[in-house]
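Residue strings, one per chain:
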Amino acid sequence: VLSFSDILIIYFVQIGTWIPKMYDLILSSGGRLHGVEIKSAQTFNKNMLSALVFWQNLEPTINQPTTLVYGGSAQQRIGQVQLKNWQSFIFELNK
C-alpha cells in the first residue's frame, strides 16, 4: 500500500553532461524517497529505466523503492524497479 505524506518534484543534472534528469514524481514516506517515472508507451523498453537507475544510485539506502508507471498491462519487478500499469498505480495511490 502506498501512503505518502509529501509529493516532491526534483530536477537533477547528471555530472559530466548537460542533460537534466527529470523525475516525474518523487514521493516521500518514512524517511525514504520513492522515485516514479511515468511513460505513456504500452510496450516496455529497458531504456525507460535509465532515470530510475540513476536515481537509485545517488543514495541507495534512501532512494527506494522506485516504480515505472506505463500504459501497458504487464506488472513485474525488473531489478530494483517495480513495473506497474497506470491503473494499478492510481488505485494504490487512492487507497
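Residues numbered from 1 in each chain as written. Predicted model: local features only at pLDDT ≥ 70, side-chain atom pairs only at ≥ 80, totals over all residues. Heavy atoms only, no water.

Q: I'm lost on the overall build of the protein chain in this one. Help?
A: Counting its regular elements, the protein chain contains two helices and eight strands. Secondary structure elements of the protein chain occur, N-terminal to C-terminal, as β-β-β-β-β-α-β-β-β-α. Scored against the burial criterion, the 95 residues of the protein chain give a buried share of 37%. Of the contacts formed within the protein chain by residues at least 6 apart in sequence, a portion of 41% connects residues at least 24 apart. Surface accessibility of the protein chain: about 6,000 Å² in total, with carbon and sulfur atoms responsible for 57%. (Helix = DSSP H or I, 4+ residues; strand = E, 2+ residues; numbered from the N terminus. Buried < 20%, exposed > 50% of the residue type's maximum accessible area, 1.4 Å probe, protein only. Contact = heavy atoms within 4.5 Å. Areas by Shrake-Rupley, 256 points an atom, 1.4 Å probe, with all protein chains shown as cover.)

Q: In this structure, what is going on with the pairing of strand β6 (residues 66–70)? I would like to understand it.
A: Regular strands show a simple pattern: their side chains alternate between the two faces of the sheet. Among the five residues in β6, five count as buried, and that is most of the element. Residues Thr-66, Leu-68 and Tyr-70 of β6 are buried on one face, and the alternating residues Thr-67 and Val-69, pointing to the opposite face, are buried as well. Sheet analysis places strand β5 (residues 32–38) next to β6, joined by four bridges and oriented parallel. Its bridge partner lying in β6, Gly-35 is registered against Thr-66. As for the winding sense of the linkage, the β-α-β connection from β5 through helix α1 (residues 50–58) to β6 is right-handed. Where β6 and strand β8 (residues 81–85) come together, five bridges link them in parallel fashion. (Pairing = 2+ DSSP bridges. Right-handed = clockwise from strand over helix to strand, strands pointing away.)

Q: Looking at this structure, I do not really get the environment of Thr-66. What am I missing?
A: Along the chain, Thr-66 falls in strand β6. Of the residues examined, Thr-66 reaches a relative accessible area of 0% and is grouped as buried. Every residue in contact with Thr-66, bar those within four places of it in the chain, is listed here: His-34, Gly-35, Leu-52, Trp-55, Gln-56, Gln-80, Val-81 and Gln-82. Only 3.3 Å separates the side chain of Thr-66 from the backbone oxygen of Gln-80, close enough to count as a polar contact. (Polar contact = N/O pair within 3.5 Å; in protein donor to acceptor, adjacent residues only side chain to side chain.)

Q: Honestly, a nonpolar patch on the surface in this entry has me stumped. Any pointers?
A: The grouping of Trp-86, Ile-90 and Leu-93 at the surface amounts to a nonpolar patch, some 280 Å² of accessible area in total. The topology assignment puts Ile-90 in helix α2 (residues 86–93). Residue Ile-90 is classed as partly exposed on the basis of its relative accessible area of 39%. (Patch = residues over 30% accessible without salt bridge, like charges linked within 9 Å, V, L, I, M, F, W, Y side chains within 5 Å. Salt bridge = Lys/Arg side-chain N within 4 Å of Asp/Glu carboxyl O.)

Q: Can you walk me through the side chain of Asn-85 in this structure?
A: Here Asn-85 shows up in strand β8. Within polar-contact distance, the side chain of Asn-85 engages the backbone nitrogen of Gln-87 at 3.2 Å. At 2.8 Å, the side chain of Asn-85 and the backbone nitrogen of Ser-88 are in polar contact. With near-sequence residues (within four places) excluded, Asn-85 lies in contact with Val-69, Tyr-70, Gly-72, Ser-73, Ala-74 and Gln-75.

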